[in-house]
Amino acid sequence: MEVFPLLLVLSAWWSRTWDSANADSIIHIGAIFDESAKKDDEVFRTAVGDLNQNEEILQTEKITFSVTFVDGNNPFQAVQEACELMNQGILALVSSIGCTSAGSLQSLADAMHIPHLFIQRSTAGTPRSGCGLTRSNRNDDYTLSVRPPVYLNDVILRVVTEYAWQKFIIFYDSEYDIRGIQEFLDKVSQQGMDVALQKVENNINKMITTLFDTLRIEELNRYRDTLRRAILVMNPATAKSFITEVVETNLVAFDCHWIIINEEINDVDVQELVRRSIGRLTIIRQTFPVPQNISQRCFRGNHRISSTLCDPKDPFAQNMEISNLYIYDTVLLLANAFHKKLEDRKWHSMASLSCIRKNSKPWQGGRSMLETIKKGGVSGLTGELEFGDNGGNPNVHFEILGTNYGEELGRGVRKLGCWNPVTGLNGSLTDKKLENNMRGVVLRVVTVLEEPFVMVSENVLGKPKKYQGFSIDVLDALSNYLGFNYEIYVAPDHKYGSPQEDGTWNGLVGELVFKRADIGISALTITPDRENVVDFTTRYMDYSVGVLLRRAEKTVDMFACLAPFDLSLWACIAGTVLLVGLLVYLLNWLNPPRLQMGSMTSTTLYNSMWFVYGSFVQQGKENKKSILVGRSPYTTLATRMMMGAWWLFALIVISSYTANLAAFLTITRIESSIQSLQDLSKQTDIPYGTVLDSAVYEHVRMKGMNPFERDSMYSQMWRMINRSNGSENNVLESQAGIQKVKYGNYAFVWDAAVLEYVAINDPDCSFYTIGNTVADRGYGIALQHGSPYRDVFSQRILELQQNGDMDILKHKWWPKNGQCDLYSSVDTKQKGGALDIKSFAGVFCILAAGIVLSCFIAMLETWWNKRKGSRVPSKEDDKEIDLEHLHRRVNSLCTDDDSPHKQFSTSSIDLTPLDIDTLPTRQALEQISDFRNTHITTTTFIPEQIQTLSRTLSAKAASGFAFGNVPEHRTGPFRHRAPNGGFFRSPIKTMSSIPYQPTPTLGLNLGNDPDRGTSI
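Residues numbered from 1 in each chain as written. Predicted model: local features only at pLDDT ≥ 70, side-chain atom pairs only at ≥ 80, totals over all residues. Heavy atoms only, no water.

Peer 1: How would you sum up the confidence of the model for the chain? Please name residues and give values.
Peer 2: With 73% of its residues at a pLDDT of at least 70, the chain reaches an overall mean of 76. Contacts for the low-pLDDT stretch residues 627-631, under 50 throughout, to residues beyond four places or in other chains number 9 contacts. Across residues 896-950 the pLDDT falls below 50, and counting only partners more than four positions away or on other chains, this stretch makes 117 contacts in the model. (pLDDT = per-residue confidence, 0-100. Contact = heavy atoms within 4.5 Å.)

Peer 1: Explain the sheet that holds strand β21 (residues 485-490) residue by residue, including any values.
Peer 2: The mixed open sheet is built from 5 strands, whose spatial order is β21-β18-β22-β30-β23. The open sheet has two edge strands with one neighbour each: β21 and β23 (534-536). Here strand β18 (residues 442-447) runs beside β21; their pairing, made up of 6 bridges, is parallel. Pairing of Val445 across the sheet is with Ile488, part of β21. Its contacts with the sheet place helix α27 (residues 789-802) against β18, β22 (519-520), β23 and β30 (782-784), and it is angled at close to 160 degrees to β30. (Pairing = 2+ DSSP bridges. Helix = DSSP H or I, 4+ residues; strand = E, 2+ residues; numbered from the N terminus. Axes fitted to C-alpha atoms, helices over the stretch in contact; angles between N-to-C directions.)

Peer 1: Any details on the nonpolar core? Residues and values, ideally.
Peer 2: Phe453, Phe470, Tyr540, Phe748 and Phe793 are the most contacted members of the largest nonpolar core, which totals 90 residues. Those residues in contact with Phe748 that sit more than four places away from it in its chain are Gly546, Val547, Leu548, Gly689, Thr690, Val691, Val731, Ser734, Gly737, Ile738, Val741 and Leu755. Grouped together as the second largest cluster of nonpolar side chains are 66 residues, Cys83, Phe288, Leu309 and Leu381 included. (Core = buried A, V, L, I, M, F, W, Y, C linked by side-chain atoms within 4.5 Å. Buried < 20%, exposed > 50% of the residue type's maximum accessible area, 1.4 Å probe, protein only.)

Peer 1: Could you give me a rundown of the sheet that holds strand β28 (residues 767-771), with the residues and numbers involved?
Peer 2: Hydrogen bonds along the backbone pair up the strands of a sheet, which may run parallel or antiparallel. On the basis of which strands lie adjacent, the open sheet formed by 4 strands has the order β26-β27-β25-β28 and mixed pairing. A strand with exactly one partner marks an edge of an open sheet, and here the two such strands are β26 (688-689) and β28. Examined bridge by bridge, β26 and strand β27 (residues 747-751) share 2 bridges and lie parallel to one another. Within β27, the residue paired with Tyr688 across the bridge is Ala747. Across the sheet, helix α26 (residues 752-761) is in contact with β25 (545-550), β27 and β28; its angle to β27 comes to roughly 120 degrees.

Peer 1: Lay out the packing of aromatic side chains in plain terms, naming residues and giving numbers.
Peer 2: Under the defined criterion, the tally for this structure stands at 25 aromatic pairs. When the ring of Phe288 is compared with that of Tyr326, the centres are 6.1 Å apart and the planes differ by 75 degrees; the resulting orientation is edge-to-face. Here the residue Phe288 occupies a position in the loop between β10 (280-286) and β11 (299-300), and Tyr326 occupies one in helix α13 (residues 322-344), the gap between them amounting to 38 residues. As far as burial versus exposure is concerned, Phe288 and Tyr326 are alike and both buried. Ring centres 5.7 Å apart and planes at 70 degrees place the aromatic pair Trp570 and Tyr657 in the edge-to-face group. In this pair, Trp570 is assigned in helix α18 (residues 567-590) and Tyr657 in helix α21 (residues 637-666), connecting sequence segments 87 residues apart. (Phe/Tyr/Trp six-rings, centres within 6.5 Å; stacked < 30°, edge-to-face > 60°.)

Peer 1: Give me the lowdown on the state of the cysteines, citing residues and values where you can.
Peer 2: Covalently bonding the sulfur atom of one cysteine to the sulfur atom of another cysteine gives a disulfide. Inspection of the entire model under this criterion finds 2 disulfides. Residue pairing for Cys99: its cysteine sulfur links by disulfide to Cys131, the two sulfurs lying 1.6 Å apart. Residues Cys99 and Cys131 are joined through a disulfide that is left-handed, its torsion about the S-S bond being -70 degrees. Of this pair, Cys99 sits in helix α4 (residues 99-112) while Cys131 sits in the loop between β4 (116-118) and β5 (143-145); the two residues are 32 residues apart in sequence, bridging distant segments of the chain. Classification of Cys99 by relative accessible area gives partly exposed; the value is 27%. For Cys131, a relative accessible area of 21% translates into the label partly exposed. (Disulfide = S-S within 2.5 Å.)

Below you can see the structure in the form of structure tokens.
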């Protein structure tokens, strides 16, 4: 604040000084500067001082001047100050103001015939707009434009055309007059380009915040897409702030390309803009020739320029504006013109002019001075300064600088070309595709862990995680070919991404939308919703929906031997055994056969049942033989017909059972009823679901809720998946769904490729998959919307597919000959093998049950016999037996001609009660038959006992020993079989003898027939 009054004091002092010198100097010029352009005044005074020290130009003459400051937007003040200068007497008027006051000064200069050298300046370094000074064809135009015309329209049009832009946005600051590029807008509109305009407010932060608050996510994404190509027409300070804000708010990414055009951009501004920006940056600025020889930089012909202005390393020179340079060259041009006038001796003295009087005459020497200035030329800080016929400076050069795509700090800036009004563009600005030139580019990669696409291969504490998988292999192939590097990280919420209620996206897609990542790769499918917010490469693998189910386990059935027949069939067979046994018993009871002595066999119901069961299981061959030869009680015609039919039935049943049992024990195959998505949708026994809010979830939802969908499969699936608003059957992560399938009754609907990998690599081979054979979508690499890498990535992916490298990568993670069968719902034996114990466990159990049951019955019989044998009979139960009657009954049994007992001789032995007492006890006897119409029970000895008794009787007969040694009449109890099969005790009062006729040959041959016994 204190500098400005000081400058005013100095200016007043300079004015008084030069005013006092006016009487002695014949060269006096006036200067009008914008009050904000203090540096213009400094350079002007420096230039006058340098020229006054140069004796070769003006020799002994010195330049005097008068300087005044005005408001650039106040034309009346500018005219008033100019009149004051003309009243003092000036040879030329130099002005550095805006276009608003320039027109008024032009009119005044034309009227007073004072040469007016106009240097257009803009506020705060904002790009210039054309002033629109009217040029007449008459010779009364005394205003010369020192600065060249505004060629921004021509330069921008040529650069945009070279870059082949079709859609872009133009940002301009509040100080810029948008009418300056009206010509450019008209031309691009005629060429069909889509151009948007936006004014950048002074409060840039507030402007960006308002964008985020007012725009929806879709509109914000479209706005980001527009920002990919932008032209900035603003002063360097505003451009720096604007670039910083949009970069920090992730409105732009490294794939953007911006053009900054401004004549007032110096080297310091270039470096700062490049440092703050990302992506590709093109800078268009006005440039001036610099001598190659460093020692000649401060020399222009015979004039030496002050080192503060010509030394590039000087701070003052680095911060000079273009208007400052033209002011210096203007003073140098006037000095040379004055020198020429002095040499030609055509000098016209200065006249004091009055702008107020109506009859005031213009300066008579104005035309001559103007022509001398226009014909002259000078080489100064801006190069060649000269004027054309129209009073303008045609010499202007624009330099086009550019950077490569990237975001690293300090990346190189190189000169792409230059432009001038005569030759046009010199250089190539084609926005070439990246192709293989991505060396040094570091991409941020976001991913989601999904086997086998992306998996953590190494996780060492303190070191970055290393990843592997099919998608990582594809990314490495692209990296090796294109030359870029990448840094990978997992999405914070471990999701692929879905739109939220507020319009934003989460997950992997959200990281790309908010520009936090450059590319996203995983098992990411290409969907229309995702393509609205991000870009995708061409698919590198086909995608289809699959279902993961648990393979039917081979259950351990201990009673697999019963599997060939159904339970109802087993019940029928058991009932048939009981029925046939009952019928056999009834047939023998209704028509009992006549049996030979010693050929008796039990015909009780129990034995009939046992006989039928034995024949069914192909046992009891002797019994069947007895039926055939007539030595069995089942010898009637009806019984034989019954048994023949039963044996045929048993043969068929046993043969069928044997054949079925062999098949069941050789291959056990339990087929699942779910073999397709249609089967899955039609059943409700196995619940199924997917990952909530995933692409599969949205795919089923869209098709299931579409009334025009012809296939009802998706509507049925959606009803199951959407139970309880999706919370009942869906999971949050794919791994949770896989675990749910393995340990529960559940089917998981997910990407077929992921499920196939899980099924192939399961150590227990407990999974199998089903799915669609037609791939309707694919997996792709996601990039930021409008990324320049999309085309080059897609091209390289197509090359990998064409040369077979992609198939090699697929076979690495999905081998054809895996350890598990993907599509079989059971574990089927591929080759025949030995049967294991599991197949016969039931048979051993039946045998063990029979053994245990028989042991239990044996213990029960033993207990029962001991209990019956230890009981003492009462006298009321004792009965008498008449042995003589027993003797006669036994002899009557031997009357049959077929009986071997008919050979008994008349000689006999006495069988005393003592001998009878030696007969086998009850444990050795078995009741076999009841003689009808009699009260005698016949008992049969088992073969070993018969042989023992036979040997005893034969020995007594051979020795002639009689049992008569005992008392003839013995009274005492003895045990014998009662008529009811039990024991009885009876006192014997009279002794009776049983005559016994020995048979020399002992023709009974009892020991040879185990089924025959001797009856008493």
